[in-house]
Every structure is written in structure tokens, then in C-alpha cells.
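# Breakdown of the fold
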Amino acid sequence: MKISHYFWHILIIVFIIIAIYPILFAVSNSFKHLNDAFTSTINLIPNPFTFENYQRLHETIPLLKITLNTFVIASIITAFKIVTSFLAAYALTYFNFRFKKTTYFLLISTIFIPFTVTMIPNYLIISHFNLIDSVWGVILPQLADAIGIFMLTQAMRNIPKPLIEAAQIDNISTFNIMKDHVLPIVRPALTSTAIWFFILAWNDYVWPLLMLRSRDSYTLPLALQLFVSSEGGTNFTVAMALSVITMAIPLILYLIFQRYIINTFSSSGIK
Amino acid sequence: MAKRYVSILLLTPALLLLTIFTVGPLVYTIYLSFFDWNLISPNKTFVGLENYAELFKDQTFRRIIGQTFLYIILFIVLNTGLTYVTAYVIAHLIKSNKGFYKVAIFTPSVISLVVGSMLFLWILNPVSGPVAIVLGWFGLSIPNWTVTEGMVIVILSLIVAWKVFGYNFIVLYSGIVGIPSEIIEAAKLDKISKFRIFTDIIIPMSSSTGFYILIMTIVQGLQYVFTPIRVVTQGGPNYYSSNLIYHSYHEAFDLFNTGISAASSVITLLIFMFLLAMQFIFVERNVYYEN
Amino acid sequence: MTSIILKNVNKSYGDTIIIENLNLEIREGERTIFLGPSGCGKSTILRMIAGLESITSGEIFLDEENVTHKPSGERNIAMVFQNYALYPHMSVENNILYALKRNKVSKGEREKRLEKVLNMLELKKFRKRMPKDLSGGQRQRVALARATVKQSNYFLLDEPLSNLDAKLRVIARRELLKLHEEFKQTFVYVTHDQIEAMALGNRIVVLNKGEVQMVDTPYNVYHHPRNLFTARFIGSPPMNILEGYIQEHKFHFDDQTFDVSQVKSMNSELEDKDVYLGIRPEHMRLSVNDEGDIKGKIIFRENFGAEVAHTIQIGESEIIVMSNKIIEQERVSIIVDREYVHFFDKNTEINYNYLMEDFNEYSTKY
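Residues numbered from 1 in each chain as written. Chains lettered and ligands numbered in written order. Predicted model: local features only at pLDDT ≥ 70, side-chain atom pairs only at ≥ 80, totals over all residues. Heavy atoms only, no water.

### Remarks on the UniProt feature "domain: ABC transporter" (unreviewed entry) in chain C
Residues annotated by UniProt as "domain: ABC transporter" (unreviewed entry) correspond here to residues 4-234 of chain C. Taken end to end, residues 4-234 of chain C is 36% helix and 27% strand, and its two terminal C-alpha atoms sit 25 Å from one another. (UniProt positions renumbered as here; feature names shortened; annotations may be inferred. Helix = DSSP H or I, 4+ residues; strand = E, 2+ residues; numbered from the N terminus.)

### Points about the UniProt feature "transmembrane region" (unreviewed entry) in chain B
UniProt records the feature "transmembrane region" (unreviewed entry) at residues 69-91, 103-124, 151-176, 197-219 and 260-283 of chain B, using the numbering of this structure. Here residues 260-283 of chain B runs as 100% helix and 0% strand, with 35 Å between its end C-alpha atoms.

### Comments concerning empty space enclosed by the protein
Counting across every chain of the model gives six cavities of 30 Å³ or more. A volume near 1400 Å³ is recorded for the largest cavity. Lining the largest cavity are 48 residues, and of these Asp145, Ile147 and Leu200 of chain A together with Gln220 and Gln223 of chain B lie nearest its centre. Secondary-structure elements contributing two or more residues to the lining of the largest cavity are helix H4 (63-94), helix H6 (115-128), helix H8 (146-157), helix H10 (174-203) and helix H11 (206-211) of chain A together with helix H1 (2-32), helix H7 (151-177) and helix H10 (207-224) of chain B. Counting residues per element, the lining of the largest cavity draws most heavily on H10 of chain B, at six residues. (1 Å grid on protein atoms, 1.4 Å probe; cavity = no way out; pocket = protein on both sides within 12 Å on 5 of 7 lines; lining within 4 Å. Points joined across faces, edges and corners; volume = space filled by probe spheres on them.)

### Section: the interface of chain C and chain B
Counting residues at the interface gives 26 residues for chain C and 17 residues for chain B. Both faces considered, chain C and chain B share a buried interface measuring about 2100 Å² in area, 59% of it formed by carbon and sulfur atoms. Our enumeration of links across chain C and chain B arrives at three salt bridges. Residue arginine 47 of chain C pairs with glutamate 185 of chain B through a salt bridge whose shortest N-O separation is 2.5 Å. Along the contact surface separating chain C from chain B lie ten residue pairs in polar contact (both at pLDDT 80 or more). Listed by contribution, the elements that provide at least two residues to the side of chain C that touches chain B are helix H1 (42-50), strand S6 (77-80) and helix H2 (92-102) of chain C. With three residues, the top contributor of residues to the side of chain C that touches chain B is H2 of chain C. Residue composition of the side of chain C that touches chain B, by class: 14 nonpolar, six polar and six charged. (Contact = heavy atoms within 4.5 Å. Buried area = accessible area lost by both parts, 1.4 Å probe. Salt bridge = Lys/Arg side-chain N within 4 Å of Asp/Glu carboxyl O. Polar contact = N/O pair within 3.5 Å; in protein donor to acceptor, adjacent residues only side chain to side chain. Nonpolar A, V, L, I, M, F, W, Y, C, P; charged D, E, K, R; others polar.)

### A short note on the environment of valine 47 of chain B
Residue and element names in this part refer to chain B. Tracing the sequence through the fold places valine 47 in the loop between strand S2 (45-46) and helix H2 (50-57). Residues valine 47 and serine 33, spaced 14 residues apart in sequence, show a C-alpha to C-alpha distance of 8.8 Å. Discounting residues that sit within four places of it in the chain, valine 47 has contacts with Phe34, Phe35 and Asp36.

Encoded structure:
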């Protein structure tokens, strides 16, 4: 009985090592000299410790501009997705109208549409407005998201109906019910959905890849791609430094809000 | 009625944006799949179903469909099967450290797949990567997987699995934990083995969550794997790592065969709609398990 | 014959002690009831016997075998859960047969046991139904059937009737008795409902805050409560408790006194002592004259149909007296039947009857 107990723990710890090792690998190598990186690959502790990779990264690409682009794109997308999702979820939870179920079903169905189906027309729309190679080109097609509507509808459905009905009896306006009753209760779900959207947009690759052309308008994942091709490995440690920068923000957000995020995703299975 | 007016007002932003950037484009892509076009020329030539016919005549494309199904099988094994077992182990076979395990396992889900692809490209480098070095101590070696057909799909799926595992795990875990503990206790009292509890009670009773994860794993996995394909292999060697999603992209933006790309996208869409229908039917059929 | 023994059992979660030094013997073939308010640890004890809950220290024996470290599946125990814990994806029949199938009971034997239990519990026509298509009472019977087919010597029930409405509960109670008559297992039954405990138990274990207050027959638990908690917990309305002291064979409380020299447990040791006096509402009579022992005024009347409960205020205290008709008058006096008066020690809260030497003959078993 004891032995099997340890067995399960060991199994899980192996999975966790697989999950975490790449992160440690990136952090470790980003602080190594290029030569040490190749001679002491297994050793996770850099010796000697150096910042030169970050320095070189800064000299090679407009790092600050790229980080700012990523941040601006992710923030605007997140703000819009949250507002549009919140409003739609509210209508779908607290109002009764004809075709409500159908509307909800069709909205949720859009989650099942592969991006390849929309990429050519959206590309044409953006280029029609001359927004290729601008942050707006990246942002525009991503201002609404059915996943947000789904997550927030789930959260709102968990609010007991009598709570809202009591407010309606007291003749509270829709806006005030939203602000005073619904918003505080769904705030945890709202927060974690927002953080999730931010992380998704921060990490987004496909659409920026189609939209952005010049280094000055790149986002972090796109910039990282610049360092992949060098098979010789001359840029290896610099690439690791950029990897660390790219994953830092999502990781920090996750560690701060992990409880929210895990709880919200826990309740996100379709019923 | 004033109320109806409010509900329409609330829905408008989301509906409008999704119509312009999702539903409209979808219709237009179906339209484009009937034309021969190169994305730039002012003239589109109507070709009827010829784009589709051409695709199915193309041996490479038929192989790509096969590879797409290989990806699907790998996603099901890694991101539904293995995840399900892990969730069960942490939910019921382990008593301590659960909180830490959950947080740690979820972590890769927040990391960019470009970062992930790049890191695994180095970690699994057949010459100088740490895995190759450790295997070297035992006289083993990693094949040059980026150019090995079959192997390349397995490794690319593993990279996606690394990223998606945590998310699927959390959802399945909560599905499993949602099963009333009395039912599992009743089974334990009746001397039902751990394996049988998993197959006879846990899986049937969390099946709606499980099925949802199964479907989402396929739908999202095929799209997620685009990133490692693009970053690591560009579909190579000789299309051996491509799938339907990557192929649509490749035809449209590398080869400028808009019609072929659109047709390939529509085929993907049909597969996904079939999965959506399956999900819908399954949920309808199984509602009675809950409560 | 003893069949379940708990020896010095302790249970705590971190710093919170749930059960402290519990010692208990449960007799073979009897129906033992764990009775107590919610949070008293009764379900925890049951679950420890089943092996569903680990114990912090101590030992548990089943039929003289130490099972403290045996996993629950090895203990061969049948249990009925409060929410029935039916497998929602299996039909009635499969619910009942599932454990037998997995534990490799032969098909013939399975069918035999199934038919018997379906007949006994009148479940024949529901055998193909799913749990969600059954009423609460039917589900409860399926849960009972599923536990019965195991033919275990131990039958544990965790508030199995608490989800039924009052009428069904009475019917289900009789079914349980019938079942026990048939199989004579060692029954351990958890409830917070004292009527259920009285009706079903051969023996009642009264629990509070993880401690055993009293173990005895329903009769003795009601008529000879061992301590103040039991006195206050059993009976509806509960026993009246008055706080006062004894002087010159008289009980003094508030500004009143009455003679207690005829009370059984009264002796010279009680002189000048602070005590609690206990008397049940049905062991007093109301008089509209001044003839009674205690004087007070009626502040509240509750009509229960057969009887009327009168709440009477006496100075700072209130006591309830039963009477078979409503008394309209406000000023009344109360006649106390001395035979049913109990004294409880102010510190230990133990009934003085239990401290008397000749009490054993008086407290008959059954």
C-alpha cells in the first residue's frame, strides 16, 4: 500500500519535471556564455553568470518597441473581448427573447471554426484598409470572442436567479443590477478570463505572422522566430534570453492569479 | 418592449464583430473555394468544384489528410487519455501536495508555443541537446527527428501536448472531483479495484467533460500544432509534418493558390462541424448522468 | 458476543480534535444507533468502522480481528449512504449486481440473491430503470438492496432515511426492521432523529462533541438519562432543567422551593449542594388552584393535537408542562411527580441515580 502510494507521487513528479524543465532550461542558458552553454548543457546553474545575452538582444532588435507592441496589442484585445463578452453573456443569461438558445448555440459554434477559414478574407479586409504591418491590423479581427461569452455565461448562470429578481422587484435598472450585483459576483471569472485573453494575445503567433512585416512592428513571439533558423547555434543564448522575456509576463500573471485561473477553468467544461 | 431593446443592444457588439470577422469571412472562404485566384490579381476564375477535385487527386494532399488523422490520434492518446489518467491519479490516488501539483502541471499552458517549439528544438537537438547527452551516457541516441517522417509528427505532437496538457488536466480534474465522493466510497467498500473504479465509475460519470475535452483537443490541437510546424519544420520534410491547417496556410500565403487553400479550409471546417455535431449529440444523449 | 470494538480511538484534522479517546463495543446481531446533534462525530465514527476515514490513533476490531489498517474493501462491510450513492449510469439491477460481479460471485448465486432482494423490497418492476427515473423512496430501497445482496455481517447505515418525507420514513423504518429480522446482521445506524433511534434501536449510543454520553436501551436513554446532555437532547419537548440547590430536603430555585425528600436519589450527601433538577413535561400536572409545588404563569400554548404544551414562566426560568387540554387561565401551579425527578451534579453533570450503589438492579437492561 505504501509503495503504490509513492509510485503515484513519483509518476506525477516526472510529469512536472517534463512540464517545468524547458522553463528552467531557458532561464539557465539565458545567463550563460555561449561557450558554456554548449560545454555544460546539463548543468542548470550558469557559471559564470552573465547578462551579456540580454545586452546583445537589446543591440540586435528593438526590444523595447517590440515588447510595447505586444503589450498594447494584448491589452486592447483583452479590454474589447471582455466588454463585448460581458454584455453578450448578460443578455444571454438574464433576458428572455426569441431564438435565445439558437443565438447562444451559434455563438458557441464559432469556437469550432478553424482560423484557416477566416484568414484569407480577414487578410483582404485589413489590406483593404491599409492596416497591414500595423498593430491595428492585428487587433481588429480579434475584438470579440465566443470563448469569453461562454466562460462568463457559465459564471453568471451560477448566480442564483432570486438575487437578480429581488433587485428587479426593487425597480433597479439593468445597468445598476449589472454594476452592483452581477459584476462583483463574476469578478473572479472576469479577472481570470481577462488574464487568459491577455496571455493568448501575448502569445499569439499566426495572425501577427500574417500581419506584421517590419521588425519595428513585431511582437515578441514573432521576434523570437528570427532566432530559430540559425542552426549553427550562434544565437542560441540570445534566443534563450528572448524566450525568457516572452514567457515572463504570462508566467508572472499566472503565478499571481493562479487560484482564480484554475478555479475558472475548472468550471469551464461544457455541460 | 423596452427590455427586448436592451437585450439586442447588449448583444450587438459581440454579434456585429463576430459577423464581420468570423461568419462573413467563413462565407467568403466557401465562395473562394469555387474560384481560381492568386490573392492579388483582379480577376477570379470560376472553376466550380475543380479545386476540390484537384486536392483529392493530389497524392500529397491525401497523405496530408492521413497525417492529420495521425495527429488526431496522438492528441487523443496524449491529451485526453494520459490526461484523464493523471487527473484521476491526483484526484483519488494521491492525498498530499495536490494544490502544488495542479499549479505546476498547468504552468506550460501559459507559455507561448513559439517559445515551446524553440526550447524543444534545442532540448531535443540530436547532437548537443541535454536529452541526447543523457541518452548518450547509456549508449543511446535521438534520431534526427526534424527530417524523419513519422517521428517528426510524434515530436511536434509532444510539443503541443506539453502546452495543452495542463489546461485539459484542470478541466478533467474538476469533472472527476465533481463526482459525489459517496459513490466512489461505495465502490471502495465493495472492493472494486482502482482500475475498475476508473473504467466503471469515473469515466462514465465524467463522460460529458471527457467528451468535451476529447473534441476540443482535436479542434484546438490541430490549430495549435501549426506553430511548431511553422517554427520547426515548415511542413517538411517534403510535407511529412503538414496537416490540413498548415496546408491551407501554405497554399494561401506561400504558394498563393487561394482557391486550393479555401477548399482545403472548407474540408477542415466540415470535419470540425462533424465533431461539433458529435459533441452536441453526445451532450443531448447523456444529460441524464448529471444529477 | 461483541462484534465491533473501538479501542482508544482518536481522530483529528490538524489541530482540530474530532473524536477523543473513544471506547465502544457493539454487540453482534443487534441494531445499534448512533444518535447525536449534527457535528457530534457520529458519521465519522461510522466511516471509521467502514474504513473510509483513517483514524489518528487507536484500534478497531471486527470479530476480534484488528482491522485498523485494513483498506475498506477488505473489511467486507455493507453500507447505505445518506444520498444513496447509486451509480447514476447503471440500471437498478446493475447497481445491485455490480459489486458481486466485480468480486466474482457466480452468476447463479448472483441471480438468486437478486431475486430475493427484489422481492423483499418490492423492486421487481423497477429492475430495468435508471436511478434518475425513481422516486426518493424507491432509490432508498435500491440502496438498501445493493447493501443487502453483499450478505455481509456488518450493515452500516448513514442517515439513510433523512432524505425521505415523514410518511415514507415510517414505512421505510418498518422495511429496515423486516430486513434485519431476516438477515440478523450487526446493524449500525446513524441518525439525528431521536424518534427513529427509539423505534429502530436495540441500543442507542448518545454522542456529543465526539464523546459518548450514554450507551443503553431506548427505554433507559429516555427514562434514566445518564447525564444532563442526554436529558436535554432526548424527548420532544425536552426534559425541563432547573438550576438551584438543595437545603433541608427542599429544592430552591429562583424565589421558590418545594419538597424533594421523596425523590429516589435524594440523600444526605445532596444537602447544601448546587444541582440541576430534571423533570419531563409529561411528568407534571397543571392546577388552576394553588395546590401545586411551583407557581407561575402561562406565557405560551402549543397545541400538538393529542396534548397541549404549556410554557410557564417562573421567575427567570421557563418550564414546559404537557396537559391534555388547553388551560386558558394565566396563573397556575404545577404538581411535580417525585418519582420522575432527576438530580444532576452541577460540575460533572452526571445523574445522581448513576452514583447510587443499588442502581444496577434499578437500571434494568431492556
